Amino acid sequence: MSPRLRIALAGASGRMGQMLVQQILASSDCLLVGAGVSPQSGQLGQDAAQGLGQTCGVRFSADLNEVLADAQVLIDYSRVESSLRSLVACETLGLPLVIGTTGFGPGERERLAQAGQRIPVLWAPNTSIGVNVVMALLEQAARQLNAGYDIEIVEAHHRHKVDAPSGTALQMGEVMARAQGHSLAEVATYTREGHTGPREAGRIGFSTVRGGDIVGDHTVMFCGEGERIEIAHKSSSRVHYAQGALHAARWLANQAPGLYAMRDCL
Ligand SMILES: NC(=O)C1=CN([C@@H]2O[C@H](COP(=O)(O)OP(=O)(O)OC[C@H]3O[C@@H](n4cnc5c(N)ncnc54)[C@H](OP(=O)(O)O)[C@@H]3O)[C@@H](O)[C@H]2O)C=CC1
Ligand SMILES: O=C(O)C1=N[C@H](C(=O)O)C[C@H](O)C1
């Protein structure tokens, strides 16, 4: 039997971090070896599975060197500034890094590409296998519905989410803009208010809903004359994001340096 993949987590106390702890403990081929949290965490030193009513022997730590000491790969779902610190630590140690964090600006995306020259990095604003299949459907739809259809993306998430539009919505916009021969920056409309005038053809519109405990919904509308096509993905749990991240980590652990996306490992 081959040895288990030794995984460290950054953002281990968060909604995604705890789902990952649960999925790693339930898996037969992965082992949790580090659990990173913020220095301000009230859970420092606590067992990483305590919140799940279990014990795993790995304690929450804000010391990245300690978190990564025995790891073969780091999975990070945290905040942009913390993921950038993970990037530096993984570059120093030569460790593969899966990043699920969203909210990166253009400069920070460039930083991911730079790190990819030294270590394997997979950044995915959505690690759900289902969402990544939807990305391929959107690419095809945008290519074939290139004229006469207005594209609108509506996303809805829980009240705690700190970035908008969601990373997934932005990636959907990028995929469809590219399929129609543009960059997203050229065609995106992020806000509408007051006297907007009629809708300009060729734009991709974004609408954001935040409330309650909505896990994550994305609906793309292709609005034409006399018809509307909708392609939607709705999450009722975070388990599929975590399973996708473990799939990505198993794959990334054996890759050469590079900046990869979820589609590369599917
Ligand atoms: N790619 C995907 O499929 C998905 C991506 N996401 C993205 O993942 C990220 C996390 O989401 P979620 O789990 O809901 O967020 P939470 O707020 O629940 O968790 C954030 C985690 O990051 C830690 N953290 C925050 N700031 C720092 C810091 N400065 N240094 C170190 N650790 C820090 C927190 O630790 P502490 O508690 O100590 O503050 C906590 O463990 C978001 O960007 C979200 O958009 C979410 C779901 C799916
Ligand atoms: O913050 C979340 O919860 C989610 N974030 C990701 C995003 O911004 O797209 C993925 C998923 O939608 C859940």
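Treat the numbers as computed from the prediction; the structure is a model and nothing was measured. (Residues numbered from 1 in each chain as written. Chains lettered and ligands numbered in written order. Predicted model: local features only at pLDDT ≥ 70, side-chain atom pairs only at ≥ 80, totals over all residues. Heavy atoms only, no water.)

A.B. asks: Which residues make up the overall build of the protein chain, and what values go with them?
C.D. replies: Tallying secondary structure elements over the protein chain gives 8 helices and 12 strands in all. By principal-axis analysis of the C-alpha atoms, the protein chain measures approximately 60 × 40 × 35 Å. Looking at the 266 residues of the protein chain, the share that counts as buried comes to 48%. For the protein chain, contacts bridging at least 24 residues in sequence account for 67% of all contacts bridging at least 6. Just so you have it, the protein chain exposes about 12,900 Å², and 48% of that area is on carbon and sulfur atoms. (Helix = DSSP H or I, 4+ residues; strand = E, 2+ residues; numbered from the N terminus. Buried < 20%, exposed > 50% of the residue type's maximum accessible area, 1.4 Å probe, protein only. Contact = heavy atoms within 4.5 Å. Areas by Shrake-Rupley, 256 points an atom, 1.4 Å probe, with all protein chains shown as cover.)

A.B. asks: Describe the side chain of Gln180, naming the residues involved and giving the relevant values.
C.D. replies: Considering the arrangement of structural elements, one finds Gln180 in the loop between helix H6 (167-179) and helix H7 (184-187). Of the residues examined, Gln180 reaches a relative accessible area of 15% and is grouped as buried. Sequence-distant contacts of Gln180, that is, excluding residues within four places in its chain, are made with Ala142, Leu145, Asn146 and Ile151.

A.B. asks: I'd like a description of unusual backbone geometry, backed by residues and values.
C.D. replies: For the peptide bond that leads from Ala164 to Pro165, omega is -10°, which places it in the cis range. Looking at the element boundaries, Pro165 is found in the loop between strand E7 (150-157) and H6.

A.B. asks: Any details on the sheet that holds strand E8 (residues 188-189)? Residues and values, ideally.
C.D. replies: If you walk across this open sheet you meet the 5 strands as E8-E9-E7-E10-E11, and the pairing is mixed. Either end of the sheet is taken by a strand with one partner, and the two such strands are E8 and strand E11 (228-235). Sheet topology note: the E7/strand E10 (residues 216-223) ladder contains 7 bridges and is antiparallel. By the bridge assignment, Asp150 is partnered in E10 with Cys223. Sheet strands touched by helix H5 (residues 129-144): E10 and E11. Its angle to E11, the strand with the most contacts, is close to 165°. (Pairing = 2+ DSSP bridges. Axes fitted to C-alpha atoms, helices over the stretch in contact; angles between N-to-C directions.)

A.B. asks: So what about the site of ligand 2? Which residues, and what values?
C.D. replies: Taken together, Thr102, Pro125, Asn126, His157, His158, Lys161, Ser166, Gly167, Thr168, Val215, His218 and Tyr241 make up the full set of residues near ligand 2. One of the side-chain nitrogen or oxygen atoms of His158 is found 2.8 Å away from an oxygen atom of ligand 2. At 2.5 Å from an oxygen atom of ligand 2 is found a side-chain nitrogen or oxygen belonging to Thr168. Burial of ligand 2 by the protein chains amounts to 85% of its free accessible area of 320 Å². Here the shell around ligand 2 is composed, by residue class, of 3 nonpolar, 8 polar and 1 charged. (Near = heavy atom within 4 Å. Polar contact = N/O pair within 3.5 Å; in protein donor to acceptor, adjacent residues only side chain to side chain. Nonpolar A, V, L, I, M, F, W, Y, C, P; charged D, E, K, R; others polar.)

A.B. asks: Tell me about the site of ligand 1, and please be specific about residues and values.
C.D. replies: Surrounding ligand 1, one finds 24 residues, the nearest of these being Ser13, Ser38, Arg79, Thr102 and Thr127. Here an oxygen atom of ligand 1 sits 2.8 Å away from a polar atom, N or O, in the main chain of Arg15. Thr102 places a polar side-chain atom, nitrogen or oxygen, 2.6 Å from an oxygen atom of ligand 1. In the complex, 82% of the free accessible area of ligand 1, which totals 930 Å², lies under the protein chains. A per-class count over the shell around ligand 1 returns 7 nonpolar, 12 polar and 5 charged.

A.B. asks: Can you lay out the UniProt feature "binding site: (S)-2,3,4,5-tetrahydrodipicolinate" (unreviewed entry) in the protein chain for me, pointing to particular residues and giving the numbers?
C.D. replies: The UniProt record marks His158, Gly167 and Thr168 with the feature "binding site: (S)-2,3,4,5-tetrahydrodipicolinate" (unreviewed entry), using the residue numbering of this structure. With respect to the helices and strands, the residue His158 is situated in the loop between E7 and H6. Assessed through its relative accessible area of 9%, His158 is described here as buried. In contact with His158, not counting residues within four places along its chain, are Arg15, Arg210, Gly211, Gly212, Asp213, Ile214, Val215 and Arg238. What Thr168 contacts, discounting residues up to four positions off in sequence, is Pro125, Asn126, Val131, Met135 and His218. (UniProt positions renumbered as here; feature names shortened; annotations may be inferred.)

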